[in-house]
Amino acid sequence: MGDLSRNDGTSIMHLPDDCLAIIFHGLDSRIDRDSFGLTCRRWLHVQDFNRRSLQFECSSTILHPSSLSTKGVDIHTIHLHRLLRRFQHLESLSLSNCRDLNDSGLTRLLSYGSNLQKLNMDCCLKVTDYGLSLVASGCPSLISISLYRCLGITDKGLETLAGACLSMKYVNLSYCSQVSDKGLKALTHRWCQLKAINISHCECISGVGFQGCSKTLAYVEAESCKLKPEGVMGIVSGGGIEYLNVSCLSWSLLGDPLPGIGFSSRLKILNFRLCRTVSDTSIVAIAKGCPLLEEWNLALCHEVGLRGWQAVGLYCQNLQRLHVNRCRNLSDNGLQALRDGCKNLSILYLNGCVRLTSVALELFKCHRASVCIKEIEIVCIKPYWEFR
């Protein structure tokens, strides 16, 4: 008989790294995955090698990041260099709200950013066009980038990014005050797979940079922008727009720029909230030209009159949700037009319409009992996307 004192059996510690990686990816909870590396140094290496996402707790939107960061401590250059050297196969990285991070902190992306697909740099206030050029050079596989409130970014940086990251699908430029139509044009012309873009509160963008955009562009956020008529035509020029937010549209000497939206035959969700000067002309054009429209927010659109409401009732036969909160010119006749039309309407958000009588409201309820009237005001209407 063999010597029973010898232990020739195998244990989990003898498994190759590939098998340990399979076990690691099979762990369901974040706590279990974080505990995996506490077993021994070798298991820690397997954990580091297989980590795909990293988000610091200084981020303004926490998605349950790893336990590596210290709460309340901003990320400086030396921290980021060490972490990128440790986690060399990241696909998603959030540096959101890392206010002390400067351009030099991004140099390690030249060595370790080739696998990155998603990068969030919201409120990285010290990052400039040079830092964005490092991102462009080091992260050619990016499909999503958020630059919300990156005040040092200009058209030059966007032009560099546009020439390098050709698979980009989602980009957030909201509150980038130095970005204009020139930089926007570079993105929309080079990125043939672009699906969604946010230009909200970009005061230097009129929309003309969208002209000739890809037909893949389906989602545009343009809240509080100074859009021109030709800019609106640019947004819809690709023919693929399904969601558009132009709420709080800035008043223009050129008049109402929105009739061009009527060329968006695939549009499903439209937010006009606080577009106080939108005219019946725009409403009629959109009602006629957007047969697939499912949700329309017209809250606080004070200039929409009877002609506009009649057009909505007559042509918007796929409309399911309509917001008319605090519309000063929604009268009893306007509500009757909505009552007699909009055959698929299921929810009507209505309150504060001073010209409506209780009789008209009761008649609406009687004739359209299936429609739920909600006396609440919804600010944001949007489907899911990268930067929601």
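Residues numbered from 1 in each chain as written. Predicted model: local features only at pLDDT ≥ 70, side-chain atom pairs only at ≥ 80, totals over all residues. Heavy atoms only, no water.

**Topic: the overall build of the protein chain**
So, point 1. When you go through the protein chain residue by residue, the secondary structure sums to 13 helices and 13 strands.
So, point 2. The burial tally for the protein chain puts 51% of its 388 residues in the buried class.
So, point 3. Here the analysis covers contacts within the protein chain between residues at least 6 apart in sequence; of these, 72% occur between residues at least 24 apart.
So, point 4. About 18,000 Å² of surface is accessible on the protein chain, with carbon and sulfur atoms providing 52% of the total. (Helix = DSSP H or I, 4+ residues; strand = E, 2+ residues; numbered from the N terminus. Buried < 20%, exposed > 50% of the residue type's maximum accessible area, 1.4 Å probe, protein only. Contact = heavy atoms within 4.5 Å. Areas by Shrake-Rupley, 256 points an atom, 1.4 Å probe, with all protein chains shown as cover.)

**Notes on the packing of aromatic side chains**
The geometry of an aromatic ring pair comes down to the distance between the two centres and the angle between the two planes.
So, point 1. Using the criterion set out here, one finds three aromatic pairs in the structure.
So, point 2. With a centroid separation of 5.5 Å and an interplanar angle of 85°, the aromatic rings of Tyr148 and Tyr175 are classed as edge-to-face. Note that Tyr148 is positioned in the loop between β4 (144-146) and α7 (155-164) and Tyr175 in the loop between β5 (170-172) and α8 (181-190), a separation of 27 residues in sequence.
So, point 3. Classification of Tyr148 as partly exposed rests on a relative accessible area of 25%. (Phe/Tyr/Trp six-rings, centres within 6.5 Å; stacked < 30°, edge-to-face > 60°.)

**Let's talk about helix α10 (residues 280-289)**
So, point 1. With seven of its ten residues buried, α10 lies for the most part within the structure.
So, point 2. Looking only at α10, the buried set comprises Asp280, Ser282, Ile283, Val284, Ile286, Ala287 and Gly289.

**Regarding the pattern of salt bridges**
So, point 1. Across all of its chains, the model carries nine salt bridges by this definition.
So, point 2. Here Asp340 and Arg339 are joined by a salt bridge, their closest N and O atoms 3.3 Å apart.
So, point 3. Judged by relative accessible area, which is 13%, Arg339 ranks as buried.
So, point 4. Taken together, the shared-partner salt bridges connect Arg273, Arg326 and Glu377 into one network. (Salt bridge = Lys/Arg side-chain N within 4 Å of Asp/Glu carboxyl O.)

**Quick notes on the packing of helix α6 (residues 129-138) against α7**
So, point 1. Packing of α6 against α7 leaves a shortest axis separation of 8 Å and a crossing angle of 5°. In terms of their interaxial angle, α6 and α7 are classed as roughly parallel. Packed against α6, whose contacting residues are Asp129, Leu132, Ser133, Val135 and Ala136, the element α7 presents Lys156, Gly157, Leu158, Thr160, Leu161 and Ala164 at the interface.
So, point 2. In terms of residue class, the contact of α6 with α7 is built from six nonpolar, three polar and two charged. (Axes fitted to C-alpha atoms, helices over the stretch in contact; angles between N-to-C directions. Parallel < 35°, antiparallel > 145°, perpendicular 65-115°, else oblique. Nonpolar A, V, L, I, M, F, W, Y, C, P; charged D, E, K, R; others polar.)

**A look at the side chain of Thr154**
So, point 1. By secondary structure assignment, the location of Thr154 is in the loop between β4 and α7.
So, point 2. For Thr154, the side chain forms a polar contact with the side chain of Asp129, separated by 2.4 Å.
So, point 3. If we skip the residues at most four places from it in the chain, Thr154 touches Asp129, Gln178 and Val179. (Polar contact = N/O pair within 3.5 Å; in protein donor to acceptor, adjacent residues only side chain to side chain.)

**Let's talk about the nonpolar core**
So, point 1. Counting 99 residues, the largest nonpolar core has Val135, Phe272 and Trp296 as the members making the most contacts within it.
So, point 2. If you look at the next biggest cluster of nonpolar residues, it comprises six residues, including Tyr170, Ala196, Tyr219 and Tyr243. (Core = buried A, V, L, I, M, F, W, Y, C linked by side-chain atoms within 4.5 Å.)

**Comments concerning unusual backbone geometry**
So, point 1. The phi torsion at Arg149 lies on the positive side, around 55°, for a residue other than glycine.
So, point 2. Tracing the chain through its elements places Arg149 in the loop between β4 and α7.
So, point 3. Its identity as a non-glycine residue notwithstanding, Ser224 has a phi of 55°, on the positive side.

**With respect to helix α11 (residues 306-315)**
So, point 1. Within the sequence span of α11, burial applies to Gly308, Trp309, Ala311, Val312 and Gly313.
So, point 2. Those residues of α11 hidden inside the fold are in contact with α10, β10 (295-297), β11 (321-323) and α12 (332-340).

**Topic: the packing of α11 against α12**
So, point 1. Contact geometry for α11 and α12: axes closest at 7 Å, N-to-C directions at 10°. Judged by the angle between their axes, α11 and α12 are roughly parallel. Residues Leu306, Trp309, Gln310, Val312 and Gly313 of α11 form the contact with α12, whose own contacting residues are Asn333, Gly334, Ala337 and Leu338.
So, point 2. Looking at side-chain class alone, the contact of α11 with α12 contains five nonpolar, four polar and no charged residues.

**Looking at the environment of Met233**
So, point 1. As for its placement among the helices and strands, Met233 is situated in helix α9 (residues 229-235).
So, point 2. Those residues in contact with Met233 that sit more than four places away from it in its chain are Gln211, Gly260 and Phe263.

**What to know about the state of the cysteines**
So, point 1. As enumerated under the stated definition, the model contains zero disulfides in all.
So, point 2. Looking at the unpaired Cys301, the closest cysteine sulfur is the one in Cys275, lying at 5.4 Å.
So, point 3. Overall, the relative accessible area of 0% leaves Cys301 in the buried class. (Disulfide = S-S within 2.5 Å.)

**Notes on the side chain of Asp129**
So, point 1. Here Asp129 is to be found in helix α6.
So, point 2. Buried and without a salt bridge, Asp129 has Lys156 as its closest oppositely charged side chain, separated by 6.1 Å.
So, point 3. A polar contact of 3.4 Å, which involves the side chain of Asp129, links it to the backbone nitrogen of Gly157.
So, point 4. Look past the residues within four positions of Asp129 in its chain and what remains in contact with it is Gly152, Ile153, Thr154, Lys156 and Gly157. (Lys, Arg positive; Asp, Glu negative; His and termini not counted.)

**Re the confidence of the model for the protein chain**
So, point 1. Averaged over the protein chain, the pLDDT score is 88; the fraction of residues at 70 or greater is 82%.
So, point 2. Note that pLDDT drops below 50 for residues 60-73; the model gives that stretch 26 contacts with residues more than four away or on any other chain. (pLDDT = per-residue confidence, 0-100.)

**Comments concerning the environment of Lys226**
So, point 1. One can find Lys226 in the loop between β7 (219-221) and α9.
So, point 2. In this structure the C-alpha to C-alpha distance between Lys226 and Cys202, which are 24 residues apart in sequence, comes to 8.3 Å.
So, point 3. When residues no more than four places from it in sequence are discounted, the contact partners of Lys226 are Glu203, Ile205, Ser206 and Ser250.

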